[in-house]
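Residue-level listing of the chains:
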Amino acid sequence: VGLHTHGADLMWCSSEDPTISVVLNDTKPQNNNGSPGQVNGYYFTELANGNMAVSWAAAVVKEIAPGQTDGIQDVYARVFNPKTGAFITDEIKLTNSLTTEYVEGIHPSGNSGFVVNVSDNSGHESSVDVNLPSTAPITTGDLSQGFKVTDFAVQDEHGNWVNTIESVVFSS
């Protein structure tokens, strides 16, 4: 019941209806050698419109230099309807780094959005603000109205906040 990991999957099971169970992560975590890994930490929050936003960290093997690979952890998110298990968004890849990223927390923002706090293995912290259309009904399972990530920033090695992505709009 609730959120839990099962092998490489992050799962949610309804406490109200045990027949409703969903696997939230499409990207399957990998160890450095490419073998199946596991989700490494997750947070969730209820949004003002009743949907649930979940964020998690998972490593996949990436090429970090020509001919050199490593398991690098990125942060992902997804919004779903806890009453039906229907996905409101696809899996959202919030980071795409060559250093490991960690999810530090998630909290609601506005009627249907959320903010995910992220850090990396160098101690740099950032936040990703995901704004979903406030008109997105709790009963829909598609992304027909899209969503937008704005004001993504990271701290550089001098402690200065640097906007690396000014605005990204995803739509179906």
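This brings us to the confidence of the model for the chain. On average, the chain scores 82 in pLDDT, and the residues at 70 or more come to 77%. A low-confidence stretch, residues 135-147 (pLDDT under 50), is modelled with 35 contacts involving residues beyond four sequence positions or located in other chains. A low-confidence stretch, residues 163-167 (pLDDT under 50), is modelled with 11 contacts involving residues beyond four sequence positions or located in other chains.

Turning to the nonpolar core, a few remarks are in order. If you look at the biggest cluster of nonpolar residues, it comprises 17 residues, and the most contacted ones within it are Ala53, Val75, Val79, Leu94, Phe114, Val116 and Val130. Listed by contribution, the elements that provide at least two residues to this core are β5 (52-65), β6 (68-80), β8 (101-109), β9 (113-120) and β10 (125-131). Discounting chain neighbours no more than four positions away, the residues touching Val116 are Ser55, Val75, Leu94, Val103, Gly105, Ile106, Ser126, Ser127 and Val128. Membership of the second largest hydrophobic core comes to 14 residues, among which are Trp12, Val39, Met52 and Tyr76.

Let us now look at the sheet that holds strand β1 (residues 2-6). Taken together, the three strands give an open sheet; going across it, the order is β1-β2-β3, and neighbouring strands pair in antiparallel fashion. The open sheet has two edge strands with one neighbour each: β1 and β3 (21-23). Each adjacent strand pair in this sheet contributes to an overall mean axis angle of 25 degrees, direction not counted. Of the strand pairs in this sheet, strand β2 (residues 9-13) and β3 are connected by three bridges, and their pairing is antiparallel. For Cys13, the partnering residue across the bridge sits in β3 and is Ser21.

Right, let's get into the pattern of salt bridges. Considering all chains together, one arrives at four salt bridges under this definition. The salt bridge partner of Asp9 is Lys28, with a shortest N-O separation of 2.5 Å. A residue pair is termed long-range when its members are at least 10 positions apart, and Asp9 in strand β2 and Lys28 in the loop between β3 and β4 (42-46) qualify at 19 residues. By relative accessible area, which is 34% here, Lys28 ends up partly exposed. The salt bridge partner of Lys93 is Asp74, with a shortest N-O separation of 3.8 Å. Here Lys93 is found in strand β7 (residues 92-93), whereas its partner Asp74 is found in strand β6, with 19 residues between them in sequence. The buried category is assigned to Asp74, whose relative accessible area is 0%.

Right, let's get into the environment of Asn121. If you trace the backbone, Asn121 turns up in the loop between β9 and β10. Its relative accessible area of 47% is what places Asn121 among the partly exposed residues. Separated by 19 residues in sequence, Asn121 and Tyr102 place their C-alpha atoms 7.8 Å apart. When near neighbours in sequence (up to four residues on either side) are disregarded, Asn121 contacts Thr99, Thr100 and Tyr102.

What counts as what
- Residues numbered from 1 in each chain as written.
- Predicted model: local features only at pLDDT ≥ 70, side-chain atom pairs only at ≥ 80, totals over all residues.
- Heavy atoms only, no water.
- pLDDT = per-residue confidence, 0-100.
- Contact = heavy atoms within 4.5 Å.
- Core = buried A, V, L, I, M, F, W, Y, C linked by side-chain atoms within 4.5 Å.
- Buried < 20%, exposed > 50% of the residue type's maximum accessible area, 1.4 Å probe, protein only.
- Helix = DSSP H or I, 4+ residues; strand = E, 2+ residues; numbered from the N terminus.
- Pairing = 2+ DSSP bridges.
- Axes fitted to C-alpha atoms, helices over the stretch in contact; angles between N-to-C directions.
- Salt bridge = Lys/Arg side-chain N within 4 Å of Asp/Glu carboxyl O.

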